[in-house]
Amino acid sequence: MLRALWGVVMSHANVTLAALVAVAACVAWFIISSLLSRKLKRPLGPLRFPIVGNALQFPQTQQWLTFSRWAEKYGDVVYLEVFGKPLVLLNSAKAARDLLEQRSTIYSDRPRLEMASLSGFDKVFVLSQPNDSWRLQRKIIAQDLSSRMMPRYHAFQEAEARLLAKNLIERPGQLESHVKQRIGTIIIRITYGRYISGENDPLLAIGRASMDIFSRAAEPGLWLVDSIPMLKDLPAWLPGMGFLTTAKGWREIVYKSAWDPYHWSKRSFELGTVLLPNTCATALQEKQGKLPADLAEEVAWAACTMHAGGIHTSVISTLNFFLAMVLNPAIQAKAQKEIDAVIGRDRLPTIADRSSLPYVRSIVTEVFRLNPAIPLGIPHSLSTDDIYQGMHLPQGSIIIPNIWHMLHDPAIFPNPMKFDPDRYRNLDSEMEKVNSVFGFGRRICPGKDFGESNVFAIAATLLATCDIRPAVDARGNNVIPNVVYSSGSLSFPSKFDCTIKPRSKQAYDLLGYSALEKPDSSLVN
Ligand code: HEM
């Protein structure tokens, strides 16, 4: 009986077991197939062709404009492939924050940009992976550029803004050259402690050459070797391998751009003639003037990154300020009115006055928004597979934050092509929406505060003392600039000029020393 019962139980058990196995198999199949189908569900994007993927549709100029059209068609996250390499465009600040900030542990790598690395930028920490060297180099410059350290640069930044105004008045017709010299002086001063001697100063020239190379070498989609890395191992004499010779020449210049200024700074530090504070000197002081070779190398490349990261972005933003003022006289007049009301005409506005000049700050914010210096940011890379809003983003994807599109989204910035500081209603919370211009997460720009305060000092000083008007041609007609923005990772406005006239004798006198003299002796050797 028991046996019979046991037999029934067992037979039932067998049936139950069989049923359980069947159910488990179904569940497993369901999970695997749903995972599989999730895995296959990529974000939307333009049609991909066999082998080349989207390579043929990849825009060669002003890529952010085509990417922006794709954003409107396919959404916040767009998927592309170039020769099998996945690329993900992030088109909204929300998607960029969700991924690059909230999941920064897996979104902070940089893609290996083969052409830029071949050209010597493998040492520059902006392109390195978040490894020990990146951490150390970032720390070396972040400690000098932290918001706590900013006030020690204010007097110097303001002096350079005054000198810029004075030079523009006294030596007209050279807007770009004056801006480059003053910005170059500011960045080289805080990096290496040198007061540059003029536009052809060797430190300025070598940094300029190196950044021109970076802009070309890091341009997304331009170099086949970025999509097919094995090309770099083929012999240089084969047809189509000219990029290897180009990269070799570029590398020599890039190495010089790191070591020449470092050696100059170290020598001047030892002689006691260097301007303090500066980033190389901070590192030397911490080690009583003797850096071990490996640390010296990190300092040289950190300083090189700071120099490169700071100059062009600040020059572009400053030129964009002048352009906006030439094109928008009513906005200029409104800012002057604010300065006159808050500061008066007996002194110049300072960086410390920022919080009481919200309209001038809105102008600076709008300058950053309308024409971001790096419209597609610096690409990040995804270190492991990820799923975002049901979409599978594969490991190794190059992540391109489409900053230009984020800052021209009509839902957030109505009438986005219009220069309109009033859109922020003088509110910090509104201006913060433009923070994307400085990138995201662990790779966010370490020069953000410094870069902003430079442009503010220049804007406030120029608006307080000068009228910024269009240039005038030989017949006395205004020349309204029709600016086109360059392609490449950095986007420069095409050449334009303006006329800078002092608002009054009193305003001119406030600018102080003559353009032909150096600023006051406490600021130079
Ligand atoms: C004034 C305008 C500036 C703009 C619009 C700007 C924008 C940016 C952007 C978009 C990035 C990429 C962030 C990311 O990968 O998510 C970046 C990175 C960087 N910026 Fe700036 N920047 C400016 C000024 C400066 C200044 C003044 C310095 C230094 C003096 C600087 C140094 C750097 C460095 C070193 C990086 C690389 C960070 C890393 O890879 O960890 N930038 N910047």
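Every chain's residues receive numbers from 1 upward, in the order its sequence appears when written. Given that the model is predicted, a residue must reach a pLDDT of at least 70 before its local features are reported, and side-chain atom pairs must reach 80 or more before they are shown or counted; all residues, however, enter totals for whole chains, interfaces and linings.

Peer 1: How would you explain the overall build of the protein if you had to name every residue and give the values?
Peer 2: Numbered from the N terminus, helices here are DSSP runs of H or I no shorter than four residues, and strands are runs of E no shorter than two. Counting its secondary structure elements, the protein contains 19 helices and 9 strands. When each of the 525 residues of the protein is scored for burial, the buried share is 45%. The contact rule is simple: place each C-beta atom from the backbone, and if two of them lie within 7 Å, those residues are in contact. Of the contacts made within the protein by residues no fewer than 6 positions apart, 76% connect residues no fewer than 24 positions apart. With C-beta atoms placed from the backbone, the exposure class of a residue follows from how many other C-beta atoms lie within 10 Å of its own: 20 or more, buried; 12 or fewer, exposed; in between, partly exposed.

Peer 1: Would you mind going over the site of the ligand in detail, with residue names and values included?
Peer 2: Residues are classed as near a molecule or strand if the C-beta position derived from their backbone is within 6 Å of it. The environment of the ligand is formed by 25 residues, the closest being Gly309, Gly310, Gly439, Gly447 and Gly451. Elements with a contribution of two residues or more to the shell around the ligand: helix 13 (293-327) and helix 18 (448-465). The greatest single-element share of the shell around the ligand, amounting to 7 residues, is contributed by helix 13. Residue type decides the class: Asp, Glu, Lys and Arg count as charged, Ala, Val, Leu, Ile, Met, Phe, Trp, Tyr, Cys and Pro as nonpolar, and the leftover types, Gly among them, as polar. Here the residues of the shell around the ligand are counted per class, giving 13 nonpolar, 10 polar and 2 charged.

Peer 1: I'd like a description of helix 13, backed by residues and values.
Peer 2: Given the number of residues in a helix, its expected span is that number minus one, multiplied by 1.5 Å. Relative to the 51 Å expected for 35 residues at 1.5 Å per residue, helix 13 spans 51 Å between its end C-alpha atoms, a close match to the ideal helical length. In terms of burial, helix 13 is a largely internal element, 29 of the 35 residues being buried.

Peer 1: Requested: an account of the nonpolar core, with residues and values cited.
Peer 2: Within the largest apolar cluster, 139 residues are counted, with the highest numbers of intra-cluster contacts made by Leu89 and Ala459. Other than its neighbours up to four places away in sequence, Ala459 contacts Phe321, Val360, Ile363 and Val364. Linking buried Ala, Val, Leu, Ile, Met, Phe, Trp, Tyr and Cys residues through C-beta atoms within 7 Å yields a set, and such a set is a nonpolar core.

Peer 1: Hey, could you go over helix 12 (residues 279-286) for me, with residue numbers and the actual values?
Peer 2: Within helix 12, burial applies to Thr279, Cys280, Ala281, Ala283 and Leu284. Tucked inside the fold, the buried residues of helix 12 contact helix 6 (132-145), helix 8 (175-192), helix 11 (242-271) and helix 13. Where helix 12 ends, the next residue or the one after it, Gln288, has phi of about 50°, a positive value.

Peer 1: Describe the UniProt feature "binding site: heme" (unreviewed entry) in the protein, naming the residues involved and giving the relevant values.
Peer 2: UniProt positions are given in the numbering used here, feature names are shortened, and annotations may be inferred rather than shown by experiment. Mapped onto the present numbering, the UniProt feature "binding site: heme" (unreviewed entry) falls on Cys445. Its location among the elements puts Cys445 in the loop between helix 17 (428-431) and helix 18. Once residues lying within four places of it in the same chain are set aside, the contact partners of Cys445 are Phe438 and Gly439.

Peer 1: Give me the sheet that holds strand 2 (residues 85-90): which residues, what numbers.
Peer 2: Here we have 4 strands laid out as an open sheet, ordered 1-2-6-3, and mixed in their pairing. Looking at which strands have only one partner, the edges of the open sheet turn out to be strand 1 (77-82) and strand 3 (380-381). In this fold helix 3 (residues 93-101) packs onto strand 1, strand 2, strand 3 and strand 6 (398-401), with an angle of close to 125° to the strand it touches most, strand 2. Each pair of strands is called paired provided DSSP finds at least two bridges between the two strands. Between N-to-C directions, angles cover 0 to 180 degrees, with each direction set by a line fitted to C-alpha atoms, over the stretch in contact for helices.

Peer 1: Tell me about the packing of helix 7 (residues 151-170) against helix 8, and please be specific about residues and values.
Peer 2: When two helices pack together, their arrangement is given by the angle between the helix axes and by the axis-to-axis distance. Direction vectors running N to C along helix 7 and helix 8 enclose 165°, while the axes themselves pass 10 Å from each other. Between helix 7 and helix 8, the interaxial angle falls into the category roughly antiparallel. Viewed along their axes, helix 7 and helix 8 form a crossing whose handedness is right-handed. Where helix 7 approaches helix 8, its residues Tyr153, Phe156, Gln157, Glu160, Leu163, Leu164, Asn167 and Leu168 are matched on the opposing element by Leu175, His178, Val179, Arg182, Thr185, Ile186, Arg189 and Ile190. Of the residues that constitute the contact of helix 7 with helix 8, the class distribution is 9 nonpolar, 4 polar and 3 charged. When an angle is under 35 degrees it counts as roughly parallel; over 145 it counts as roughly antiparallel; between 65 and 115 it counts as roughly perpendicular; any other value is oblique. Note: crossing handedness is left-handed where the near helix turns anticlockwise from the far helix by less than a right angle, and right-handed where it turns clockwise.

Peer 1: Lay out the sheet that holds strand 8 (residues 478-479) with the relevant residues and their values.
Peer 2: Paired through backbone hydrogen bonds, the strands of a sheet run either parallel or antiparallel to each other. Read from one edge of the open sheet, 3 strands run 8-7-9, paired in antiparallel fashion. The open sheet has two edge strands, strand 8 and strand 9 (498-502), and neither has a second partner. Pairing of strand 7 (residues 466-472) with strand 9 involves 5 bridges; the strand directions are antiparallel. Bridge assignment links Pro470 to a residue of strand 9, and that residue is Cys498.

Peer 1: Which residues make up unusual backbone geometry, and what values do they have?
Peer 2: Here the bond from Leu276 into Pro277 is cis, since omega is -5°, no more than 30 degrees from zero. Looking at where Pro277 falls in the secondary structure, it is placed in the loop between helix 11 and helix 12. The backbone phi angle of Asn415 is positive, close to 50°, even though this residue is not glycine. Topologically, Asn415 is positioned in the loop between helix 16 (403-406) and helix 17. A positive phi is found at Arg425, a non-glycine position, where the angle reads about 45°. Structurally, Arg425 is set in the loop between helix 16 and helix 17. Since 11 C-beta atoms lie within 10 Å of it, Arg425 is described here as exposed.

Peer 1: Tell me what's going on with the packing of helix 6 against helix 12, and back it up with residues and numbers.
Peer 2: Where helix 6 contacts helix 12, the two axes come as close as 10 Å, and the packing angle between them is 110°. With respect to helix 12, the element helix 6 is oriented roughly perpendicular. On the side of helix 6, the interface is formed by Ile140, Ile141 and Asp144, while helix 12 contributes Thr279, Thr282 and Ala283.

Peer 1: Lay out the confidence of the model for the protein with the relevant residues and their values.
Peer 2: Per-residue confidence from the predictor is reported as pLDDT, which spans 0 to 100. For the protein, the average pLDDT comes to 90, and 90% of its residues sit at 70 or higher. The model gives residues 1-19 a pLDDT under 50, and that stretch makes 0 contacts with residues more than four places away or in other chains. Throughout residues 514-525 the model reports pLDDT below 50, and contacts reaching past four residues in sequence, or to other chains, amount to 20 contacts. As a predicted assembly, this complex carries a pTM of 0.88 together with an ipTM value of 0.99.

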